[in-house]
Amino acid sequence: MIHDISRELLLRSIQGDMTAFEEVYRATSGFVYSVALRILHNNADAEEVTQDVFVKVYRGLNNFRFKSSFRTWVYRIAVTTALNRYRSSKAEACHLADFIAQEPPVPSGRATPEELDRHDAEGRMMALLETLNPDQKACIVLREIEGLSYQEIAGILRVPVNTVRSRLKRSREALLAFRRKEGRDHEM
Amino acid sequence: MRCKNVRELLMTDYLDAAVPEKILARLRRHLEECQGCRRLEEELRLLRGSFTGAKRVEPPEEVWSRVRDTITAHATGRSRGMAADFIRKILKGAAFRPAFALAAALLIVTALFYASGSLHRAGRIVDQLSESDLAVYLAIGNGDEAEQGFGTTIEEYFL
């Protein structure tokens, strides 16, 4: 569920109050960074996308007319910027190299069993996401990780609700096929 | 309910708790009877489990510093840019064009006046010079620059 930012805070940000804009940043940057990280699978790219998104948001604040949810607007900029960054990557091979390089850092020798489990789970989740195309990935991240409704996802991606439904269905089919194949490989 | 429809719902609205109550009751009845669809439901639940541990990750602190610095630099650059734009417009004559045309005309007239005066004076001086001095003087005065006009940038711009 998307909870919106107060109008007063936004108005102060529009007037150039950086303290107010910092509050806006603190309230929304977790979403922006997480989504970018899951789509791009690369910390440096996710940081750049986050920076890019908030500079765009600040410059676009004057044109925000309060007719729609502010968070939806920010999230839309975030997903679009991350997807564009993903697509502009020169080659899939480049992404594969990043993927290998960006495996979650292995916990130290003193890591608790919970930390090790979390590390493994994060690695499995990222491997699953890598089997999807960018649009499917965005849908799954928004639904499964961010817990947004079909309507909210449709609003962010600017597509009909039925498109969200069909993208989720295809994504889950692809993920199930990957898991089944993985299961067969382990049995062999 | 047919398996095809049930599978479609399991993949989407059922998993996302968006199936209307009436349809949900029929779907559950089907699941009790159909082992294949029950297996798919179980697989989907396990798949969902792969994402449940995923937490929202906050960006490193320096990202905010970079955002703030970029915005501040842009704001400063914009005010400097506005001044530069104004000067550029003035130089191009985009603003106050009639005033500039008048100023240019005055400059040209003034320059012509002084130039003709100095030529006249030069003629008088030539009369007073010896032949060797004259040769030196003409060599200086009749160079390429005489053919290029008055040699000032403002004239080069307007002529």
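Chains are numbered independently. Their residues run from 1 in the order of the written sequence. Starting at A for chains and at 1 for ligands, labels are handed out in the order in which the entities are written. Where local features are concerned, this predicted model is filtered to residues with pLDDT of at least 70; where side-chain atom pairs are given and counted, the filter is 80 or more; whole-chain, interface and lining totals use all residues. Hydrogen atoms and water are omitted, and side-chain values are computed over all heavy atoms in the structure.

**Examining a negative patch on the surface**
Residues and elements named next belong to chain A.
Next up, step 1: Here a patch means residues that are over 30% exposed by relative accessible area and free of salt bridges, tied together within 9 Å if like-charged and within 5 Å if nonpolar (Val, Leu, Ile, Met, Phe, Trp, Tyr). Note on areas: Shrake-Rupley, 1.4 Å probe, and residue coverage restricted to the protein chains presented here. Any Lys or Arg side-chain nitrogen found within 4 Å of a carboxyl oxygen on Asp or Glu counts as a salt bridge. For the charge count, each Lys or Arg is scored as positive and each Asp or Glu as negative, with His and the chain ends excluded. Here the site of a charge means NZ on Lys, CZ on Arg, CG on Asp, or CD on Glu. Together, E114, E115, D117 and D120 give the surface a local cluster of negative charge.
Next up, step 2: We count a stretch as a helix when DSSP gives it H or I for four or more residues in a row; a strand needs E for two or more, and each element gets its number in order from the N terminus. Tracing the sequence through the fold places D120 in helix α6 (residues 113-129).
Next up, step 3: When a residue's accessible area, from a 1.4 Å probe over protein chains only, is under 20% of the maximum for its type it is buried; when over 50% it is exposed; and in between it is partly exposed. The partly exposed category is assigned to D120, whose relative accessible area is 40%.

**Looking at the pattern of salt bridges**
Next up, step 1: Tallied over the full model, the rule gives 23 salt bridges over all chains.
Next up, step 2: Two residues, E8 of chain A and R12 of chain A, come together in a salt bridge whose shortest N-O distance is 3.3 Å. In this pair, E8 of chain A and R12 of chain A both sit in helix α1 (residues 7-14), 4 residues apart, roughly one turn of the helix.
Next up, step 3: The class of E8 of chain A is partly exposed, set by a relative accessible area of 47%.
Next up, step 4: With a shortest N-O distance of 3.8 Å, D69 of chain B and R68 of chain B are connected by a salt bridge.
Next up, step 5: Linked by salt bridges that have partners in common, R143, E144 and R172 of chain A together with D16 and R48 of chain B make up one network.

**A few points about the packing of helix α1 (residues 3-14) of chain B against helix α3 (residues 35-52) of chain B**
Residue and element names in this part refer to chain B.
Next up, step 1: For helices, the fitted axis covers only the stretch in contact; all axes are lines through C-alpha atoms, and the angles between them, taken along N-to-C directions, range from 0 to 180 degrees. One way to put it is that α1 packs onto α3 with a least axis distance of 10 Å and a crossing angle of 15 degrees. On the basis of their axis angle, the class for α1 and α3 is roughly parallel. In this structure, the crossing between α1 and α3 has a hand that is right-handed. Taken together, the residues of α3 that come into contact with α1 (itself represented by C3, V6, R7, L10, M11 and Y14) are G36, C37, L40, E41, L44 and R45.
Next up, step 2: Three classes are used, and their members are as follows: Ala, Val, Leu, Ile, Met, Phe, Trp, Tyr, Cys and Pro are nonpolar, Asp, Glu, Lys and Arg are charged, and the others, Gly among them, are polar. Tallied by class, the residues present in the contact of α1 with α3 amount to 8 nonpolar, 1 polar and 3 charged. When describing relative orientation, an angle under 35 degrees is termed roughly parallel and one over 145 degrees roughly antiparallel, while 65 to 115 degrees is termed roughly perpendicular and anything else oblique. By convention, the crossing between two helices is left-handed when the near helix turns anticlockwise from the far helix through less than a right angle, and right-handed when the turn is clockwise. Here, residues are in contact when the closest pair of their heavy atoms is within 4.5 Å.

**Some thoughts on α1 of chain A**
Residues and elements named next belong to chain A.
Next up, step 1: Burial in α1 covers these residues: L9, L10 and S13. Each buried residue of α1 lies within a common arc of 95 degrees when the element is viewed along its axis, so the set occupies one face.
Next up, step 2: Along its buried surface, α1 packs onto α2 (18-40), α3 (43-60) and α4 (70-88).
Next up, step 3: Positive backbone phi, approximately 95 degrees, marks G16, located one or two places after α1. This arc is taken over the directions from the axis of the helix to the C-beta atoms.

**With respect to the confidence of the model for chain B**
All names here are of chain B.
Next up, step 1: Confidence in the prediction for chain B averages 73 pLDDT; 58% of positions are at 70 or higher.
Next up, step 2: Residue-level confidence of the predictor is summarised by pLDDT, bounded by 0 at the bottom and 100 at the top. Element-level mean pLDDT values for chain B span from 40 in helix α7 (residues 153-158) up to 93 in α3.
Next up, step 3: Below a pLDDT of 50 lies the segment residues 125-131, which in the model reaches 4 contacts outside its immediate sequence neighbourhood of four places, other chains included.
Next up, step 4: Model confidence for the complex is summarised by a pTM of 0.69, with the ipTM given as 0.81.

**Things to note about the interface of chain A and chain B**
Next up, step 1: Counting residues at the interface gives 37 residues for chain A and 30 residues for chain B.
Next up, step 2: Counting each side, the surface lost to burial between chain A and chain B is near 3,400 Å², with a carbon and sulfur contribution of 61%.
Next up, step 3: Linking chain A with chain B are 9 salt bridges, by the criterion used here.
Next up, step 4: Across the pair R48 of chain B and E144 of chain A runs a salt bridge whose closest N-O atoms are separated by 2.9 Å.
Next up, step 5: Counted as a polar contact is a pair of N or O atoms within 3.5 Å, where, for protein atoms, one must be capable of donating a hydrogen and the other of accepting one, and residues adjacent in sequence contribute only when both atoms are in side chains. Linking chain A to chain B there are 17 residue pairs in polar contact (both at pLDDT 80 or more).
Next up, step 6: Secondary-structure elements contributing two or more residues to the side of chain A that touches chain B are α2, α3, α6, α7 (134-145) and α9 (161-187) of chain A.
Next up, step 7: Considering each element in turn, the side of chain A that touches chain B owes the most residues, 12 residues, to α2 of chain A.
Next up, step 8: Partitioned by chemical class, the residues of the side of chain A that touches chain B number 18 nonpolar, 5 polar and 14 charged. Throughout, the accessible surface (probe 1.4 Å) given up by two parts as they are put together, summed over both, is called the buried area.

**Topic: the packing of aromatic side chains**
Next up, step 1: Between the rings of Phe, Tyr and Trp (Trp by its six-membered ring), a pair exists once the centres lie within 6.5 Å; its type follows the angle of the planes, with under 30 degrees stacked, over 60 edge-to-face, and the other angles tilted. Evaluated as defined, the whole model comprises 9 aromatic pairs over all chains.
Next up, step 2: Where F21 of chain A meets W64 of chain B, the ring centres are 6.1 Å apart and the plane angle is 45 degrees; that geometry is what we call tilted. With F21 of chain A in helix α2 and W64 of chain B in helix α4 (residues 61-92), the pair connects residues from two separate chains.
Next up, step 3: Members of the aromatic cluster, joined through ring pairs, are F21, Y25, F54 and Y58 of chain A together with W64 of chain B.
Next up, step 4: For a ring to carry a charge above it, either NZ of a lysine or CZ of an arginine must fall within 6 Å of the ring centroid while also lying within 35 degrees of the normal to the ring plane. Stacked on the ring of F66 of chain A, the Lys or Arg R7 of chain A has its end atom at 4.2 Å from the ring centre.

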